Amino acid sequence: MYTKSLIRIISAIILIIITGYLFPWWSFSIITLIVGYSSYSAKESAIHGFIIGFISWFIVLVYLFTNAGDDQIFSKMSMLIINKNNPMKLIIYSSLISGTIGLLSSWVGWQFNKR
């Protein structure tokens, strides 16, 4: 049972990372809605939705911060938003917001499936 959940989570994260370059930022919520629709309980859909939303955005943002040369942009945005020069806090806060969006969209998907 845990292997099916893990496969579902990892495949959704990979799909979100790949489609993140082609579609708008909110397109990950459609994928988490589908994951929530295929879940077996509300608790499972909420947990999977949050994990998928958080980890996928965290991976993308850390990649952009470390490899893409956007460290100055992250530093300046963290000064504007949280008044501290701590880009990792900004990355974690942004990932928490996307995790919450993933949680809500996955829960809505489960509500669509509930009969």
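Residues numbered from 1 in each chain as written. Predicted model: local features only at pLDDT ≥ 70, side-chain atom pairs only at ≥ 80, totals over all residues. Heavy atoms only, no water.

Draft legend 1. Layout of the overall build of the chain. Summing up its helical and strand segments, the chain has 5 helices and 0 strands in all. Each helix and strand of the chain, placed in order from N terminus to C terminus, yields the pattern α-α-α-α-α. By its C-alpha atoms, the chain is 50 × 25 × 25 Å across when sized along the principal axes. In the chain, which comprises 115 residues, the proportion classed as buried is 32%. (Helix = DSSP H or I, 4+ residues; strand = E, 2+ residues; numbered from the N terminus. Buried < 20%, exposed > 50% of the residue type's maximum accessible area, 1.4 Å probe, protein only.)

Draft legend 2. Quick look at the packing of aromatic side chains. Following the criterion strictly, the structure yields 3 aromatic pairs and no others. Both rings, one in Phe28 and one in Trp57, keep their centres 5.8 Å apart while their planes meet at 70°; by these two values the pair is edge-to-face. With Phe28 in helix 2 (residues 28-37) and Trp57 in helix 3 (residues 42-66), the pair connects residues that are 29 residues apart, well separated along the chain. We classify Phe28 as buried; its relative accessible area is 3%. Between Phe50 and Phe54, the ring centres sit 5.9 Å apart and the planes meet at 15°, which makes this aromatic pair stacked. Residue Phe50 and its partner Phe54 are located together in helix 3, separated by 4 residues, close to a single helical turn. Given the relative accessible area of 29%, Phe50 is considered partly exposed. Given a relative accessible area of 21%, Phe54 falls into the partly exposed group. An aromatic cluster is defined as three or more aromatic residues linked by ring pairs; in this entry it consists of Phe50, Phe54 and Phe58. (Phe/Tyr/Trp six-rings, centres within 6.5 Å; stacked < 30°, edge-to-face > 60°.)

Draft legend 3. Structural view of helix 3. Relative to the 36 Å expected for 25 residues at 1.5 Å per residue, helix 3 spans 36 Å between its end C-alpha atoms, a close match to the ideal helical length. Where helix 3 is concerned, the buried positions are Glu44, Ser45, Ala46, His48, Gly49, Ile52, Gly53, Ser56 and Leu61. As for helix 3, its buried residues are in contact with helix 1 (2-19), helix 2, helix 4 (71-82) and helix 5 (87-113). (Expected span 1.5 Å × (residues − 1). Contact = heavy atoms within 4.5 Å.)

Draft legend 4. Representation of the pattern of salt bridges. Applying the stated criterion across every chain yields a total of 1 salt bridge. Residue Glu44 pairs with Arg8 through a salt bridge whose shortest N-O separation is 3.5 Å. One end of the pair, Glu44, is in helix 3; the other, Arg8, is in helix 1, with 36 residues separating them in the sequence. For Glu44, a relative accessible area of 12% gives the class buried. (Salt bridge = Lys/Arg side-chain N within 4 Å of Asp/Glu carboxyl O.)

Draft legend 5. Highlighting helix 1. In this model, helix 1 (18 residues) spans 26 Å end to end at C-alpha, consistent with the 26 Å of a helix rising 1.5 Å per residue. Every buried residue of helix 1 is accounted for by Ser5, Arg8, Ile9, Ala12, Ile13, Ile16 and Thr19. Down the axis of helix 1, the smallest arc covering the buried residues is 145°, so these residues share one side. Exposed side of helix 1, more than 90 degrees from the buried face: Thr3, Leu6, Ile7 and Ile18 are the residues found there. Where helix 1 is buried, its residues contact helix 2 and helix 3. (Arc of directions from axis to C-beta.)

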